[in-house]
Structure formats: structure tokens, C-alpha cells
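Here is what each chain is made of, one letter per residue.
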Amino acid sequence: MWYHKPDINEELLQSLPNLKVVASSGVGIDHLDLKLLSSYGVKVANNPFVVSTDTADFGMALMLASARRIVEGHEMAVSPDTEYFPADWLAVEVSGAALGIVGMGAIGYKVAERAKAFEMKILYHNRNPRKKEEESAVGAVYCKKIDDLLQQSDFVLLAVNLTPQTHKLIGKRELELMKPTATLINISRGLVVDQDALVEALQNKVIKAAALDVTYPEPLPRDHPLLKLKNVIITPHVGSATKKTRWIMMEEMAESIEAGLAGLPVPREVL
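The rules behind these values
Residues numbered from 1 in each chain as written. Predicted model: local features only at pLDDT ≥ 70, side-chain atom pairs only at ≥ 80, totals over all residues. Heavy atoms only, no water. UniProt positions renumbered as here; feature names shortened; annotations may be inferred. Helix = DSSP H or I, 4+ residues; strand = E, 2+ residues; numbered from the N terminus. Buried < 20%, exposed > 50% of the residue type's maximum accessible area, 1.4 Å probe, protein only. Polar contact = N/O pair within 3.5 Å; in protein donor to acceptor, adjacent residues only side chain to side chain. Contact = heavy atoms within 4.5 Å. Pairing = 2+ DSSP bridges. Core = buried A, V, L, I, M, F, W, Y, C linked by side-chain atoms within 4.5 Å. Domains from an automatic or database assignment. Buried area = accessible area lost by both parts, 1.4 Å probe. Salt bridge = Lys/Arg side-chain N within 4 Å of Asp/Glu carboxyl O. Phe/Tyr/Trp six-rings, centres within 6.5 Å; stacked < 30°, edge-to-face > 60°.

Draft legend 1. Examining the UniProt feature "domain: D-isomer specific 2-hydroxyacid dehydrogenase NAD-binding" (unreviewed entry) in the chain more closely. Look at the UniProt record and you will see "domain: D-isomer specific 2-hydroxyacid dehydrogenase NAD-binding" (unreviewed entry) annotated at residues 60–239. Regarding residues 60–239, the helix share stands at 32% and the strand share at 16%, and the terminal C-alpha atoms are separated by 10 Å.

What follows is the structure, encoded as C-alpha cells:
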């Protein structure tokens, strides 16, 4: 499967009685009905580790681009209407700012490692705290309640899996808890955020800005209000899109398929 295609539904499973394994690109498995697949004796594999480095890099890139207004700056610099660069065109600091990471798994932790080099104050919210030595290594402070993280952070970065528990995890209430100077960065799944509430928060300056690699749907309808806001950066779900990583993803998927067909243990099987 690539970009969630084809749809693995009951009709397809009934038409493929010899299907043994589904290899899905990326980490997320929210598009798969694991119980249905298991009932047909089909195994599932994904790419849980290879994408973490590039996706963490991209999360930092989105934070920097939004904070330093890089997209706006580029448009100003190349515009045929630009006659001078205004002296009062200012951005916000990243170094020394507070970064709240929601979801401190492999990707979230790699973001924290990068943020430490920017001397950021790192907060994180997770189902369970990381080991003390892992926290110490990046200077991260655990917030048992997400509300505490939202209230303190200058940047809130989402790196959770999409599950029933994280569906629209960030809604109107959560956005209103954030600082009016804060930026929301989403490198997880679009449905982790209530998009209508986000539009309203951005329009009404409840929060300062958003940088999104994921939306719902993807791509957004061309008349969607998010596409018209100056304080939003949207990229086309490319967190893991580097040549090396995509090549490794393909190799891993082929390896999982070959093992499944041979009746061997499937590497990176989703249980």
C-alpha cells in the first residue's frame, strides 16, 4: 500500500483468497481494519522506524519556517511589486523558546534531540513518561496533563499516532489554552486536529500561526479557508519524503512481503 491505496476492505479481501500479507508504507495504520484483516488470516507490516529521522527534521523545518516567516519572506523578496524591504518586518525567536511535544515516541524524541541544540525548553505529553535518563539527555520535562503543556508552550508539535483517543485531540478548548503567541505544528495526522476549530482560532488570533504537513482531506479542497490564511504553512504530507528513506521503505515492504509469502515471521509485523 502506498498513500493508503488500494482500499483494503471486505470486498477486496473476498476477491483475494490467497492474500497473505499487506505491507503498508509509513508508520500510521489508522487506515487499516486490523481485526478484519486478522479474520482473513492476513498479516500487516509497516515502516515504524525508518521514517522517524526525516520526519523529525521536517518538524523542525516547519517550526523554523513558520517562526521566521520564510515563506512570506520569499514571496516578498521575489515579488515584482517589492520596492524595499520594510524594517519592521519581524519574526519570532526559536532559540530559548518553549517547545511542547505531544507524543514522545521515536519521532517526538528525535525532535527533542534537535530542539536541544536550539537551546529550547522542552516539555512533552505522552501516555507514559520516558525513562529518566532519556529525559535528562534532552532536558525534557514530562507533563502528565496535556493542558499544562499547552499553556506553557510557544510551539506545540504533534507527533502522535491517530487512534480513537487522539482523534481531534486538539480542538477549540485546547487551542484556547494555548498562548496567543503560540504556533501549532502537525506532523502526525490531519484528524488529530479539529480543523474547523483551527481555522477559527487562526482567524480570531487565538493562536499566532500553524504549520501543517497533514490535513484532512489531502489535498484540501482548493477553496478551503486554511489555504487563504497568511499565518499558515501547509506542505503535502512529505515528512518522510527523501530519496534514501523512501528507498529503504520500499526495501522493507518487499522484505515483509517475501517473508509472508514464504511463511516466515514477517519483519515489522503489526500485532
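Draft legend 2. Local environment of the side chain of S52. Take S52: it is sitting in helix α3 (residues 52–67). The exposure class of S52 is buried, given its relative accessible area of 4%. For S52, the side chain forms a polar contact with the main-chain oxygen of F49, separated by 2.9 Å. S52 has contacts with A106, I107 and K110, leaving out every residue within four places of it along the chain.

Draft legend 3. Geometry of the pairing of strand β3 (residues 98–102). With respect to burial, β3 is a largely interior element, five of its five residues being buried. Relative to strand β4 (residues 121–125), β3 runs parallel, the two being bridged by five bridges. Looking at β4, one finds that V102 is bridged to H125. Of the pairings in the sheet, the one linking β3 to strand β6 (residues 155–158) comprises four bridges and is parallel in character. From the neighbouring strand, V102 faces β6, where its bridge partner is L158.

Draft legend 4. Spotlight on the nonpolar core. Of all hydrophobic cores here, the largest spans 29 residues; its most connected members are L175, L184, L198 and L226. If you list the elements that add at least two residues to this core, you get α7 (146–152), β6, α9 (195–203) and β8 (209–212). Contacts of L226, omitting those with residues within four sequence positions, involve Q195, L198, V199, L202, L212, L220, V232 and I234.

Draft legend 5. Spatial organisation of the domain arrangement of the chain. By the assigned domains, the chain splits into domain 1 (10–49 + 242–262) and domain 2 (51–80 + 90–234). Placing a centre on the C-alpha atoms of domain 1 and another on those of domain 2 gives a separation of 29 Å. The interface of domain 1 with domain 2 comprises nine residues on the first partner and six residues on the second. Between domain 1 and domain 2 lies a buried interface of about 670 Å² when both sides are counted; carbon and sulfur atoms form 51% of it. Contact with domain 2 buries area across many residues of domain 1, yet V27, D30 and F49 alone supply 57% of it, more than any other trio. Along the contact surface separating domain 1 from domain 2 lie one salt bridge. Where R189 meets D30, a salt bridge forms, and the shortest distance between an N and an O atom there is 3.3 Å. In this structure, the connection of domain 1 to domain 2 is made through five residue pairs in polar contact (both at pLDDT 80 or more).

Draft legend 6. Main features of the packing of aromatic side chains. This model, assessed by the stated rule, comprises two aromatic pairs. Seen in terms of ring centroids, W2 and Y3 are 6.4 Å apart; in terms of plane orientation they differ by 75°. Their pairing is edge-to-face. W2 sits in the partly exposed class, given a relative accessible area of 25%. The exposure class assigned to Y3 is partly exposed, which follows from its relative accessible area of 46%.

Draft legend 7. The pattern of salt bridges, seen in detail. As enumerated under the stated definition, the model contains twelve salt bridges in all. For the salt bridge of R114 with D57, the shortest nitrogen-to-oxygen distance reads 2.6 Å. One end of the pair, R114, is in helix α5 (residues 106–117); the other, D57, is in helix α3, and 57 residues separate them in sequence. Judged by its relative accessible area of 22%, R114 is partly exposed. Between R130 and E134 there is a salt bridge whose closest N-O contact spans 3.0 Å. Given a relative accessible area of 21%, R130 falls into the partly exposed group. Exposure remark for E134: the relative accessible area of 23% places this residue in the partly exposed category. Through salt bridges with shared partners, a single network forms among D147, R173 and E174.

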